[in-house]
Amino acid sequence: MELKYKRILLKMSGEAFKANNDIYDKSKLANFASQVIALAKEGLQIGIVIGGGNIWRGKLADTLELDRVDADYMGMLATIMNALAFEATIHKLGYDKVVVYSALEIKTVTSAYNYRFAREKLDAGYITIFAGGTGFSYFTTDTGATIRAIEIQADALLMAKNGTKGVYDSDPNTNKDAKFLAEISHLEVLQRDLKVMDGTAAALARDAAVTIEVFDMNGDDNLIKVLHNELESTIIK
Ligand code: UDP
């Protein structure tokens, strides 16, 4: 089966990497990295945004009585750690065409973000990781992922979930009659406040008409499957 898209932006939450008692699960890192490598070898152009929730979230500012802005920059730094962990895992698996761009300048281990250079790297077959979110406090990596999807002209923004196969009309964990939605519009996501991404990201995706595909990253080769149209998912367009 052919690839569904030519160029994607994959958004994974930091939680996707988490072990029970640790910020990283070695096997999860290796599993996701090997799927991404296999797809890159098949010719898919892949941009990736990883969250930071396995390490730190800005919301934790309140409990520690920190300034929210400081806490948000800490969160952005957490996303850079995750990007480096994923890059290192990709290298370890023997794939060298990978680059990390950061919205916050950290020159020794990342390249400063530039959308033109990023597009060139994608054309050249590099797995391109975008770290540091938007580079601004009070935003999230969902918004960062939407912005990067727009700027690299991705065919779709792939929102990876952990254990949910897509979007429902209500919470399937609390409502056993929750209805699965295979295709919906951006407007419905916003009006019905469906839990796909935060409101800022959803509004931006609607304005820029970004096609979003929501799928479950947990499961054997689910990323590979969704890109070959072999996995149930929700399309937002
Ligand atoms: N963050 C931020 N600006 C951004 C992206 C992230 O301030 O553009 C901070 C924010 O504090 C957030 C944390 O980084 O809580 C981790 O990112 P996020 O919560 O999006 O990660 P995820 O939940 O997807 O793992």
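Right above here is the structure, for reference.
Fair warning: this is a prediction, and the values are worked out from it, not measured in the lab.

Enquirer: Describe the nonpolar core, and please don't skip the residues or the numbers.
Expert: Leu10, Met12, Ile48, Phe86, Ile127 and Ile129 are the most contacted members of the largest nonpolar core, which has 40 residues in total. Elements that contribute at least two residues to this core include exactly strand S1 (7–12), helix H1 (26–41), strand S2 (45–50), helix H3 (68–92), strand S3 (98–102), strand S5 (127–131), strand S6 (156–161) and helix H8 (222–227). Sort the elements by how many residues they give to this core and H1 lands first, with 7 residues. Here Met12 is in contact with Phe17, Phe32, Ile48, Val49, Ile50, Gly51, Phe86, Ala160 and Met217, once residues within four sequence places are set aside. Core analysis: the next-biggest nonpolar cluster, separate from the first, contains 27 residues, Tyr101, Leu157, Val189 and Ile236 among them.

Enquirer: Before we move on, could you go through the site of the ligand and cite the residues and values that matter?
Expert: In the vicinity of the ligand lie 21 residues, with Gly53, Asp72, Thr134, Phe136 and Thr141 positioned nearest. Gly52 places a main-chain nitrogen or oxygen 3.0 Å from an oxygen atom of the ligand. One nitrogen or oxygen atom from the main chain of Gly58 is found 2.8 Å from an oxygen atom belonging to the ligand. When isolated, the ligand has an accessible area of 520 Å², and the protein chains bury 92% of it.

Enquirer: How would you summarise the sheet that holds S6 if you had to cite specific residues and measurements?
Expert: Judged by pairing direction, the sheet is mixed, and its 9 strands sit side by side in the order S4-S3-S5-S2-S1-S6-S10-S11-S9 without closing on themselves. Looking at the sheet topology across the chains shown, the edges are occupied by strand S4 (111–112) and strand S9 (183–184). Bridging between S6 and strand S10 (residues 212–216) involves 5 bridges; their strand directions are parallel. For Leu157, the partnering residue across the bridge sits in S10 and is Ile212. Each of S1, S2, S5 and S6 touches helix H5 (residues 141–151); the most contacted strand, S1, lies at about 175° to it.

Thresholds applied
- Residues numbered from 1 in each chain as written.
- Predicted model: local features only at pLDDT ≥ 70, side-chain atom pairs only at ≥ 80, totals over all residues.
- Heavy atoms only, no water.
- Core = buried A, V, L, I, M, F, W, Y, C linked by side-chain atoms within 4.5 Å.
- Buried < 20%, exposed > 50% of the residue type's maximum accessible area, 1.4 Å probe, protein only.
- Helix = DSSP H or I, 4+ residues; strand = E, 2+ residues; numbered from the N terminus.
- Contact = heavy atoms within 4.5 Å.
- Near = heavy atom within 4 Å.
- Polar contact = N/O pair within 3.5 Å; in protein donor to acceptor, adjacent residues only side chain to side chain.
- Areas by Shrake-Rupley, 256 points an atom, 1.4 Å probe, with all protein chains shown as cover.
- Pairing = 2+ DSSP bridges.
- Axes fitted to C-alpha atoms, helices over the stretch in contact; angles between N-to-C directions.

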